[in-house]
Amino acid sequence: MESAKPGPRPYVLAVALAFAARVWLIWRFPNNYALDGWQRWAGREHLLVQDWLPGLQAVIWLVAHLGGGVRVTRVALAAVTSLGVGAGAAAAGAIGGRPAAWIFAALAAFGPTLVWTGVLYQEGLYASLLYTGLALALRGGLGLSAVRQRDRPARVLLAADLVFGLLPLVRYEGWAVVFCYLAWRRDASSLRALWGEGVWALVKICGLRGAYPSPVDYFEDWRHIASTFDPHTWLGCLVDLGDLLVRSGGLALLAVGLASAGMCWRARGIPLLTVVLVGQLLATLGWIAGLEGATQRMLVLPAGLAALIASVGAAEVWMRLPRLRALISALLVVWVGLGLWTAAETVDREHARVRPEIMALGRMQACKDCVWWVVPRTGLGAQGRDDGCEALQGMTHMVEGLQFWCEPWHQAEPADAIAVDRAKTNGSVRWSSVDGQNGQYVVQYDAATPSAD
């Protein structure tokens, strides 16, 4: 396939569409949401949180130290992701020509991707780095004939190596991707891409440990997976993931992506992207086993890789069969509309899940001098291990142990220690419900000043 260097317009369109869609979703529900996203914000003073890789946390830490709150952090991550989508359009254009860049700009509007790359999760940053590194590598001449590669810009390939080296600091799948990249580069200088893995190895050798903003340990699943894995549960979760794929349109995207990989296998970059896509699908199967559940987040990275491959295949059809251009254009418009609709529906659902905590926060923040004793709603999140305190801490600047105390987080302490903590508060927030989920928080406060002890 003959590649062509895209002009600036596909890149600008991709960035603008991606950013506008994410800002609209943030406006629709500006709070932070979902499980470990709450802990990432609660641990904003630290670069290391739990056993998570520090890449995303570094962005959150930086925004927080510059004075930004949850909303500003979300906008910053949306901007990073949107620039990455633009880089993906540049990579698509370098492989499949200008039509591929335009098509990728539309395919990137996948509903789950819009939702989970505008909040405090790693997928957006990871995909952005992958797209950027690939675009730089292609610009540097990788995948061209040996004669043309002799003139490739060394500085551009250095930048590609450094960007790929960031992947192992964002997600653990990035470690395998780097080795795939080294095999693709086939050059001793590409070993520079191992720098991120070296940094993380050094962190572990030095024994540095992450902060735990709450007692919930999200790596507990992986430590005991050998004893807790149930094949029947895993197969059931796999069926649930298939249902999510069908309803979101992700299955169609994967099918087109894999078909495009076969059709355009000789196009530069396609073998690497296909191997990375297959590896990500295998990693997702492992993720299901550890989490014991299927979520929309699991679709984001496979869909992002499939979209880039699919854009090249669709561009090939676009150029070879002009009569189908109107149909392809109409399908892309429908795809963008479906993505926005799916994203809005998901965000509204996430909002409804934490509506009791949001309503309680409104009353809590109305009392500036109050220190709260919280008895939260429980049984939230995967395996029911999260509670309302996670949400309260993860959506505001309140810190447990300063602005509020969470009763179940201190149950293991001696009774006298709990009494001392309780004496520091002058307000209470208690979940009142018949069935544990449906109910409301009862917020009470008085004019007494908390103890200075």
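Fair warning: this is a prediction, and the values are worked out from it, not measured in the lab. (Residues numbered from 1 in each chain as written. Predicted model: local features only at pLDDT ≥ 70, side-chain atom pairs only at ≥ 80, totals over all residues. Heavy atoms only, no water.)

A. Structural context of the confidence of the model for the protein chain. Here the protein chain averages 90 in pLDDT, and 93% of its residues register 70 or above. Within the model, the stretch residues 1–7 combines pLDDT values under 50 with 18 contacts to residues more than four positions away or in other chains. (pLDDT = per-residue confidence, 0-100. Contact = heavy atoms within 4.5 Å.)

B. Geometry of the side chain of E350. Tracing the backbone through its elements, the reader meets E350 in helix α18 (residues 325–353). In this structure E350 touches F29, Y33, A34 and W116, once residues within four positions along its chain are discounted. (Helix = DSSP H or I, 4+ residues; strand = E, 2+ residues; numbered from the N terminus.)

C. Region of the structure containing the environment of L162. Mapped onto the fold, L162 is located in helix α9 (residues 154–166). On the basis of relative accessibility, which here comes to 40%, the residue L162 falls in the partly exposed class. Considered as a pair, L162 and S190 are 28 residues apart in the sequence and their alpha carbons are 9.1 Å apart. (Buried < 20%, exposed > 50% of the residue type's maximum accessible area, 1.4 Å probe, protein only.)

D. Structural context of helix α17 (residues 297–320). The end-to-end C-alpha distance of α17, which contains 24 residues, comes to 35 Å, matching closely the 34 Å that a straight helix rising 1.5 Å per residue would cover. At A303, α17 shows its strongest bend, of approximately 25 degrees. Among the 24 residues that make up α17, 20 are buried, leaving the element largely enclosed by the rest of the structure. (Expected span 1.5 Å × (residues − 1). Bend = angle between axes of the 7 residues up to and from the residue.)

E. Examining unusual backbone geometry more closely. Of note, A34 is a non-glycine position whose phi angle comes to about 85 degrees, a positive value. Position of A34 relative to the elements: it lies in the loop between α1 (8–28) and α2 (36–42). Its relative accessible area of 8% is what places A34 among the buried residues. The backbone of L35 shows a phi angle near 45 degrees, a positive value even though the residue is not glycine. Within the secondary structure layout, L35 lies in the loop between α1 and α2.

F. Representation of the pattern of salt bridges within the structure. One pass over the structure, following the stated rule, counts 13 salt bridges. We note a salt bridge from D36 to R297, for which the minimum N-O separation is 4.0 Å. Here D36, found in helix α2, pairs with R297, found in helix α17; they are 261 residues apart in sequence, far enough to count as distant. Taken as a pair, D36 and R297 share a single burial class, namely buried. A salt bridge links R353 to E350; its shortest N-O distance comes to 2.9 Å. Residue R353 and its partner E350 are located together in helix α18, separated by 3 residues, close to a single helical turn. Classification of R353 by relative accessible area gives partly exposed; the value is 48%. Residue E350 is classed as buried on the basis of its relative accessible area of 8%. One salt-bridge network, in which partners are shared between bridges, spans D36, E123, R171, E173 and R297. (Salt bridge = Lys/Arg side-chain N within 4 Å of Asp/Glu carboxyl O.)

G. The arrangement of the environment of M364 in detail. Residue placement: M364 occurs in helix α19 (residues 355–366). Placed 81 residues apart in sequence, M364 and Y445 show a C-alpha to C-alpha distance of 9.0 Å.

H. A look at the pairing of strand β1 (residues 372–375). Burial along β1 is two-sided: W372 and V374 facing one way and W373 and V375 facing the other are all buried. Pairing of β1 with strand β2 (residues 404–406), which is carried by 3 bridges, proceeds in the parallel orientation. Within β2, the position partnered with W373 by the bridge is W405. Judged from the 4 bridges that link them, β1 and strand β3 (residues 427–433) form a sheet pairing that is parallel. Residue W372 lies in a different strand from β3, and its bridge partner there is G427. (Pairing = 2+ DSSP bridges.)

I. Spotlight on the sheet that holds β1. Strand order in the open sheet formed by 4 strands is β2-β1-β3-β4, and the pairing between neighbours is mixed. Each of the sheet's edge strands pairs with one partner strand only, and the pair in question is β2 and β4 (439–445). Taken pair by pair, the neighbouring strands of this sheet meet at an average axis angle of 20 degrees, ignoring direction. Pairing of β3 with β4, which is carried by 7 bridges, proceeds in the antiparallel orientation. Residue pairing for β4: G427 is matched across the bridge by Y445. This element, helix α20 (residues 388–395), spans β1, β2 and β4 of the sheet and lies at about 150 degrees to β2. (Axes fitted to C-alpha atoms, helices over the stretch in contact; angles between N-to-C directions.)

J. How the structure looks around the packing of helix α10 (residues 173–185) against helix α16 (residues 270–291). As a packed pair, α10 and α16 sit with axes 10 Å apart at the nearest point and diverge in direction by 160 degrees. Considered as vectors, α10 and α16 are oriented roughly antiparallel to each other. In this structure, α10 meets α16 at a crossing whose hand is right-handed. Where α10 approaches α16, its residues E173, V177, C180, Y181 and W184 are matched on the opposing element by L272, V275, V276, Q280 and A283. In terms of residue class, the contact of α10 with α16 is built from 8 nonpolar, 1 polar and 1 charged. (Parallel < 35°, antiparallel > 145°, perpendicular 65-115°, else oblique. Left-handed = near helix turned anticlockwise from the far one by under 90°. Nonpolar A, V, L, I, M, F, W, Y, C, P; charged D, E, K, R; others polar.)

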